[in-house]
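Listed here are the chains, written in short residue letters.
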Amino acid sequence: MDRQHVESELDLEQTLFTEDEILARLREMAAQIEADYEGKDLLLVGVLKGAVMVMADLARSLDRHVEMDWMAISSYGSGTTSSGVVRILKDLDTDLTGRHVLIVEDIIDTGLTLSWLVANLRSRGPASVEIATLLRKPEALQMDVDVTYVGFDIPNAFVVGYGLDYAEQYRNLRCIGTLAPHVYS
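Residues numbered from 1 in each chain as written. Predicted model: local features only at pLDDT ≥ 70, side-chain atom pairs only at ≥ 80, totals over all residues. Heavy atoms only, no water.

*Asks:* Can you explain the sheet that holds strand β6 (residues 128-136)? Please cite residues and give values.
*Replies:* What the 6 strands build is an open sheet, ordered β4-β3-β2-β5-β6-β7; its pairing is mixed. With one partner strand each, in any of the chains shown, β4 (87-90) and β7 (149-153) form the two edges of the open sheet. Pairwise comparison of adjacent strand axes, ignoring direction, gives a mean angle of 30° for this sheet. Sheet analysis places strand β3 (residues 67-74) next to β4, joined by 3 bridges and oriented antiparallel. When the bridges of β4 are listed, Ile73 appears paired with Ile88. (Pairing = 2+ DSSP bridges. Helix = DSSP H or I, 4+ residues; strand = E, 2+ residues; numbered from the N terminus. Axes fitted to C-alpha atoms, helices over the stretch in contact; angles between N-to-C directions.)

*Asks:* Requested: an account of the pairing of β6, with residues and values cited.
*Replies:* Successive residues of a regular strand alternate their side chains across the two faces of the sheet. For β6, a buried count of 7 out of 9 residues is recorded, marking the element as mostly surrounded by other parts of the structure. This β-α-β element, strand β5 (residues 100-108) to helix α4 (residues 112-122) to β6, shows right-handed connectivity. Across 4 bridges, the pairing between β6 and β7 is parallel. Within β7, the position partnered with Thr133 by the bridge is Val150. (Buried < 20%, exposed > 50% of the residue type's maximum accessible area, 1.4 Å probe, protein only. Right-handed = clockwise from strand over helix to strand, strands pointing away.)

*Asks:* Any details on the sheet that holds strand β1 (residues 12-17)? Residues and values, ideally.
*Replies:* A sheet is described by the order of its strands in space; here 3 strands give the open sequence β1-β9-β8, paired in antiparallel fashion. Here the strands that pair on one side only, and so sit at the sheet edges, are β1 and β8 (159-160).

*Asks:* Could you give me a rundown of the nonpolar core, with the residues and numbers involved?
*Replies:* Among the nonpolar cores identified, the biggest contains 28 residues, and Leu134, Leu135 and Ile176 are the most heavily contacted of them. Looking at this core, the elements that each hand over two or more residues are β1, α2 (19-36), β2 (42-48), α3 (52-61), β5, β6 and β7. By residue number, the principal contributor to this core is α2, which donates 5 residues. With residues up to four places along the chain from it excluded, the contact list for Ile176 reads Thr15, Leu16, Phe17, Ile22, Leu134, Leu135, Val159, Val160, Gly161, Tyr162 and Leu164. The next biggest cluster of nonpolar side chains, apart from the first, holds 20 residues, and it includes Leu43, Val47, Ile73 and Val147. (Core = buried A, V, L, I, M, F, W, Y, C linked by side-chain atoms within 4.5 Å. Contact = heavy atoms within 4.5 Å.)

*Asks:* Quick rundown of the environment of Arg99? Include the residues and the values.
*Replies:* Looking at where Arg99 falls in the secondary structure, it is placed in the loop between β4 and β5. Arg99 gets classed as buried once you look at its relative accessible area, which sits at 12%. Along the backbone, Arg99 and Lys40 are 59 residues apart, and their C-alpha atoms lie at a distance of 8.9 Å. Ignoring any residue separated from it by four or fewer positions in sequence, one finds Arg99 in contact with Asp41, Leu42, Leu43, Glu67, Thr94, Pro126, Ala127 and Ser128.

*Asks:* Mind laying out the packing of α2 against α3, listing which residues take part and the relevant values?
*Replies:* It is the contact of α2 with α3, at a shortest axis distance of 8 Å, that shows an interaxial angle of 55°. One finds that α2 runs oblique with respect to α3. Note on packing geometry: the crossing formed by α2 with α3 is right-handed. Contact residues: Leu23, Leu26, Arg27, Met29, Ala30, Ile33 and Glu34 in α2; Val54, Asp57, Leu58 and Ser61 in α3. (Parallel < 35°, antiparallel > 145°, perpendicular 65-115°, else oblique. Left-handed = near helix turned anticlockwise from the far one by under 90°.)

*Asks:* Account for unusual backbone geometry, with residues named and values stated.
*Replies:* The omega angle of the peptide bond from Leu48 to Lys49 is -5°, so this bond is cis rather than trans. Summarising the element assignment, Lys49 is placed in the loop between β2 and α3. At Tyr162, a residue that is not glycine, the phi angle is positive and equals roughly 55°. You can see Tyr162 is positioned in the loop between β8 and β9 (176-179). For Ala167, which is not glycine, the phi dihedral falls at a positive 50°. Of note, Ala167 is situated in the loop between β8 and β9.

Following this line, the structure appears as structure tokens:
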């Protein structure tokens, strides 16, 4: 879905990143990941549902074989802020013992959910756990989270597109934009 399909409804205030900008940045991140994990077996762990687009395009940008698994956790309802309570909705199918794990996220907002996830995965005996995220909101962080790969730092605004949603809508928007407040007010 292109922005023009949303723009007519005035749902987006502005486009932050186009599809081309996103794909270019993911290719840059993939090159760094390849260098850092050279000679190591890598498991990408995508966080459903938001990271689907990021994980797919990041994995396709890698010039190596990787395994992928998915985990669904929730701390968001249909609102625009984190609830702070984390639930596992779908756990991993892969044993992490001795594995190099790279968590792939769409966005880091408060850091509360991700901090919980990192601790949970580290308790499973992996060789390493690192984080790659397309977006990070430095102004919104409430928890210090060590992120190895960051696509873009963004302002503390509610964004949608490229996997990010509001009430399960806008995920298939090819760009990332700020959602107009009248949509969620």
